[in-house]
Amino acid sequence: MANERNTENLVRKLLLEQGYTGSENINIEEQSSVNPKINKLLQLASKSGKGKGYPEFIISFVNDPSKIIIIECKADIRYHQSKLGKQYSKYAVDGVLLYASFLKDSFNVIAIAVSGETEREIKISNFLWLKENETFKDITDKNFLDPASLFKVVEKQAQPIKDEELIKKAIEYNELLHNYSIPEVDRCTVISCILVALQDKTFQNGFGNYHTDEDSIEYNPNIDLIDGLLKACDIVLKRNQINKDKKDIVLREYGKIQSNHTFISRTIQQGKKEVKNTVLRDLISDVMENIMPYIKSNVYDVLGKFYTQFIRYAGSDSKTGLVLTPSHITDLFCDLGEINENDVIFDPCCGTGGFLVAAMNRMLALSGHDIPKHKKIKSDQLIGIEKRADMFSHACSNMMMRGDGKSHVFFGDCFNSSLKQKVSTFSPTKTFLNPPYDVGVIGQLEFIENAMEVMVANGICVAICQISTCTDTKKNTCEVRQRLLNKHTLEAVLSMPDELFHPVGVITSILVFRAHTPHQQGKKTFFGYFKNDGFVKIKNQGRIDLNQDWSNIKSNWLNIYKNKESVPGLSVMKEVTASDEWCAEAYMETDYSTLTKADFELVVKNYAIFSLLESEVNDD
């Protein structure tokens, strides 16, 4: 007959072999604890749901009280882990994760499940549940690790997900949803809906229960799963005090999932076989494990990155002018806008909320540990407008997931007079925008003009537009520029990298204005030729900072900009009028010192090829 005491003895032997036993820094307790914090957290952790409960082993560290290791044992390896993870008293993994769910409120918890009575049959599973995170991570190593190795796992997993890792995950989800014929513009809505629903613990703990081995022919678990998903979203939006009008718009967008055949069908074709359809359930599970642990602490506009990947090859959005700003540029805007913790940030066409996220992160960092100030920043100092219902939904959920439940993101047209009046009551000090490019040169300039009308005097407006807004000198364009200069000062124009928005083929410039301060005659504007940001194109990843050059490049750009230096090949100060070209290329000195023999040879070769081709055409 199986005896759990044998498993416990095996664990004691492993603790000794791996250096846990005998250390003054390590406390090992069995089935109880003298630590009042642990006792308080476990007072309702009984596997039966009533009273206290304790794992077999609790390991704490004198020199690092933030970490704790718990171990749950079962004698029979058949009872290592259940399918749904809810049989806490019967299975080792289920039980240890139950205890971890209580302890994670105050600790970074390493949860270890051990089953088996002999060294030959022993089965080990390791999990990490970071403090205050919504869910746990599976540590793939199935060995009994020493303290140093486990601590390395904690340190690595506690770091925010890397930009390239996030892009990789977005590509993975994009390919999955593409394979099931989910349209590009709906893919981000699916992920957004899932991320919101997973903030409801009842749904988080129960979404796996919609699929069981006993599913009957009459019962379609996917329909119930979608109902549960949308109900969870409703609960989360209400809990975060999203007003009814906004909530209804968001839920209507999420409700599109209900009519998606891939998600609602009972079965799905896999090769020549028809199998039970668990696509949505499996996607929810993957998002919970791989994205949710980072969602609140992450500095990225997660939904923005997903959306960018999902529409990379969707011609519809390039035609409608929707081009989302890369995250390193939204961060640069904070520097150009000279953000401080008391600023009120306005984005009149906020998309997924990328500029608002970047500004919020910067202001939170500047305000240190001032918690009341953090709440004020999130609730009163971030203003956005978005007229596309899907993008509005993403912006609302994006801000909400960062603790901004009362976000002033409005649904509508930023040119609407009543909406502008509402925004002006917040007295925006800084405006960041990336206007839609399908409105043309004049339209983009009018977006800037319109945005500055609601700003306070001397506020800073930073906008990224097509470079044609700066190079076009047609009469109508010059008239709009003149209106801008009559009321506002053109502080700077920065020519951006040609492939900044890859794979969308658009070349851009950043314009910096000082609001309600007329551009004085004789005033010189800073023009930067900032074409090299250090990012390179990598297949299936887009443009990434492969060599980690961006930090130094940005620092150099900002030093030149702040000091208004003219640097050959990089920047120039120039007085311009509304009818002049507003770009560094028109006025900047060439830095011949950087030219090499190879550069000269390349130009000669290209000219020779061009001449040859031209002569062949003429001969024909």
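This one's a predicted model, so the numbers in the text were calculated from it and none came from an experiment.

Cut-offs and rules
Residues numbered from 1 in each chain as written. Predicted model: local features only at pLDDT ≥ 70, side-chain atom pairs only at ≥ 80, totals over all residues. Heavy atoms only, no water. Helix = DSSP H or I, 4+ residues; strand = E, 2+ residues; numbered from the N terminus. Buried < 20%, exposed > 50% of the residue type's maximum accessible area, 1.4 Å probe, protein only. Contact = heavy atoms within 4.5 Å. Areas by Shrake-Rupley, 256 points an atom, 1.4 Å probe, with all protein chains shown as cover. Pairing = 2+ DSSP bridges. Axes fitted to C-alpha atoms, helices over the stretch in contact; angles between N-to-C directions. Disulfide = S-S within 2.5 Å. Salt bridge = Lys/Arg side-chain N within 4 Å of Asp/Glu carboxyl O. Expected span 1.5 Å × (residues − 1). Arc of directions from axis to C-beta. 1 Å grid on protein atoms, 1.4 Å probe; cavity = no way out; pocket = protein on both sides within 12 Å on 5 of 7 lines; lining within 4 Å. Points joined across faces, edges and corners; volume = space filled by probe spheres on them. Parallel < 35°, antiparallel > 145°, perpendicular 65-115°, else oblique. Left-handed = near helix turned anticlockwise from the far one by under 90°. Nonpolar A, V, L, I, M, F, W, Y, C, P; charged D, E, K, R; others polar. Phe/Tyr/Trp six-rings, centres within 6.5 Å; stacked < 30°, edge-to-face > 60°. Right-handed = clockwise from strand over helix to strand, strands pointing away.

## Topic: the overall build of the protein
Point 1. Secondary structure assignment for the protein yields 23 helices and 19 strands.
Point 2. Counting every position in the protein, which comprises 620 residues, the buried fraction comes to 53%.
Point 3. The long-range fraction of contacts in the protein, counting pairs at least 24 apart against all pairs at least 6 apart in sequence, stands at 72%.
Point 4. Counting every atom, the protein has about 28,900 Å² of accessible surface; 50% of that belongs to carbon and sulfur.

## A look at the sheet that holds strand S14 (residues 489-495)
Point 1. As summarised here, the arrangement of the nine strands in space is S11-S10-S9-S12-S13-S15-S14-S16-S19, forming an open sheet in which the pairing is mixed. With partners counted over all chains shown, the strands left at the sheet margins are strand S11 (408-411) and strand S19 (571-574), one partner each. Across this sheet, the average inter-strand angle for adjacent strands is 15 degrees, counted without regard to direction.
Point 2. Packing against the sheet, helix H14 (residues 327-336) makes contact with strand S12 (430-433), strand S13 (460-466), S14 and strand S15 (508-514), and its axis sits at approximately 145 degrees to S13.

## What to know about the state of the cysteines
Point 1. Per the stated rule, a full pass over the model turns up zero disulfides.
Point 2. With no disulfide partner, cysteine 233 has as its closest neighbouring cysteine sulfur the one in cysteine 193, 3.6 Å distant.
Point 3. In this structure cysteine 465 is not part of a disulfide, and its nearest cysteine sulfur, from cysteine 470, lies 7.0 Å away.
Point 4. Residue cysteine 465 is classed as buried on the basis of its relative accessible area, which comes to 0%.

## Digging into the pattern of salt bridges
Point 1. Evaluation of the coordinates by the stated rule reveals 36 salt bridges.
Point 2. Here glutamate 17 makes a salt bridge to lysine 13, at a shortest N to O gap of 2.5 Å. One end of the pair, glutamate 17, and the other, lysine 13, are both in helix H1 (residues 4-17), four residues apart, so they sit about a helical turn from each other.
Point 3. Assessed through its relative accessible area of 48%, glutamate 17 is described here as partly exposed.
Point 4. Of the charged contacts, one joins lysine 247 and aspartate 248 as a salt bridge, the two residues approaching to 4.0 Å between their closest N and O atoms.
Point 5. On the basis of relative accessible area, aspartate 248 is assigned to the partly exposed category, the value being 24%.

## A short note on helix H21 (residues 475-487)
Because each turn of an α-helix spans 3.6 residues, side chains separated by three or four positions in sequence point in the same direction.
Point 1. Over its 13 residues, H21 runs 19 Å from end to end, which matches the ideal 18 Å to within 8%, given 1.5 Å per residue.
Point 2. Where H21 is concerned, the buried positions are Thr477, Cys478, Val480, Arg481, Leu484 and Leu485. Around the axis of H21, the buried residues are gathered within 160 degrees of arc, so they sit on the same side.
Point 3. Contact partners of the buried residues in H21: helix H19 (440-452), helix H20 (468-471), S14 and S15.

## With respect to the layout of surface pockets
Point 1. For the second largest pocket, the calculated volume is near 1,200 Å³.
Point 2. Looking at the second largest pocket, it is lined by 40 residues, and the ones nearest its centre are Leu84, Gly85, Lys86, Asn205 and Met288.
Point 3. Taken together, the elements giving at least two residues each to the lining of the second largest pocket come down to helix H3 (92-103), strand S5 (123-129), helix H7 (201-206) and helix H11 (279-290).

## Brief notes about the environment of leucine 382
Point 1. With respect to the element layout, leucine 382 can be found in strand S10 (residues 382-386).
Point 2. Each C-alpha atom of the pair leucine 382 and valine 357 lies 8.9 Å from the other, and the pair is 25 residues apart in sequence.

## Some thoughts on the packing of H19 against H21
Point 1. Running from N to C, H19 and H21 point in directions that differ by 15 degrees, and their axes come no closer than 10 Å. Taken together, the axes of H19 and H21 are roughly parallel relative to one another. In this structure, H19 meets H21 at a crossing whose hand is left-handed. Between H19 and H21, the contacting residues are Val441, Ile442, Leu445, Glu446, Ile448, Glu449 and Met452 on the first element and Asn476, Thr477, Val480, Arg481, Arg483 and Leu484 on the second.
Point 2. When its residues are assigned to classes, the contact of H19 with H21 shows seven nonpolar, two polar and four charged.

## What about the side chain of glutamate 8?
Point 1. Within the element layout of this structure, glutamate 8 appears in helix H1.
Point 2. With relative accessibility at 5%, the residue glutamate 8 sits in the buried group.
Point 3. Beyond its immediate sequence surroundings of up to four residues, glutamate 8 is in contact with Gln31, Glu56, Phe57 and Cys73.

## Examining the side chain of lysine 104
Point 1. Examined against the element boundaries, lysine 104 turns out to sit in the loop between H3 and strand S4 (108-115).
Point 2. Apart from residues no more than four positions distant in its own chain, lysine 104 is found in contact with Val109, Trp129, Leu130, Lys131, Glu132, Asn133 and Lys201.

## Some remarks on helix H16 (residues 371-380)
Point 1. Burial in H16 covers these residues: Lys373, His374, Ile377 and Ser379.
Point 2. Where H16 is buried, its residues touch helix H15 (354-366), S10 and S11.

## Some thoughts on the sheet that holds S5
Point 1. Taken together, the six strands give an open sheet; going across it, the order is S1-S2-S3-S4-S5-S6, and neighbouring strands pair in mixed fashion. Of all strands in the sheet, those with a lone pairing partner are strand S1 (26-30) and strand S6 (137-139), marking the two edges. The average angle at which neighbouring strand axes cross in this sheet is 20 degrees, direction not considered.
Point 2. Two elements, strand S2 (residues 57-61) and strand S3 (residues 67-74), share four bridges in a ladder whose sense is antiparallel. Counterpart to isoleucine 59 in the pairing with S3 is isoleucine 69.

## A word on the packing of aromatic side chains
Point 1. By the definition in use, this model includes 19 aromatic pairs.
Point 2. Both rings, one in phenylalanine 127 and one in phenylalanine 136, keep their centres 5.7 Å apart while their planes meet at 85 degrees; by these two values the pair is edge-to-face.
Point 3. For phenylalanine 127, a relative accessible area of 3% gives the class buried.
Point 4. Exposure remark for phenylalanine 136: the relative accessible area of 23% places this residue in the partly exposed category.

## Observations regarding the pairing of S12
Point 1. Burial of the side chains of S12 extends over both faces: Lys430 and Phe432 are buried on one face and Thr431 and Leu433 on the other.
Point 2. One ladder, built from two bridges, connects strand S9 (residues 345-347) with S12; its direction is parallel. Of the residues in S12, the one forming a bridge with isoleucine 345 is lysine 430.
Point 3. Relative to S13, S12 runs parallel, the two being bridged by four bridges. Across the sheet, leucine 433 pairs through a bridge with alanine 463, a residue of S13.
Point 4. Tracing the backbone out of S12, into H19 and back to the parallel element S13 gives a crossover that is right-handed.

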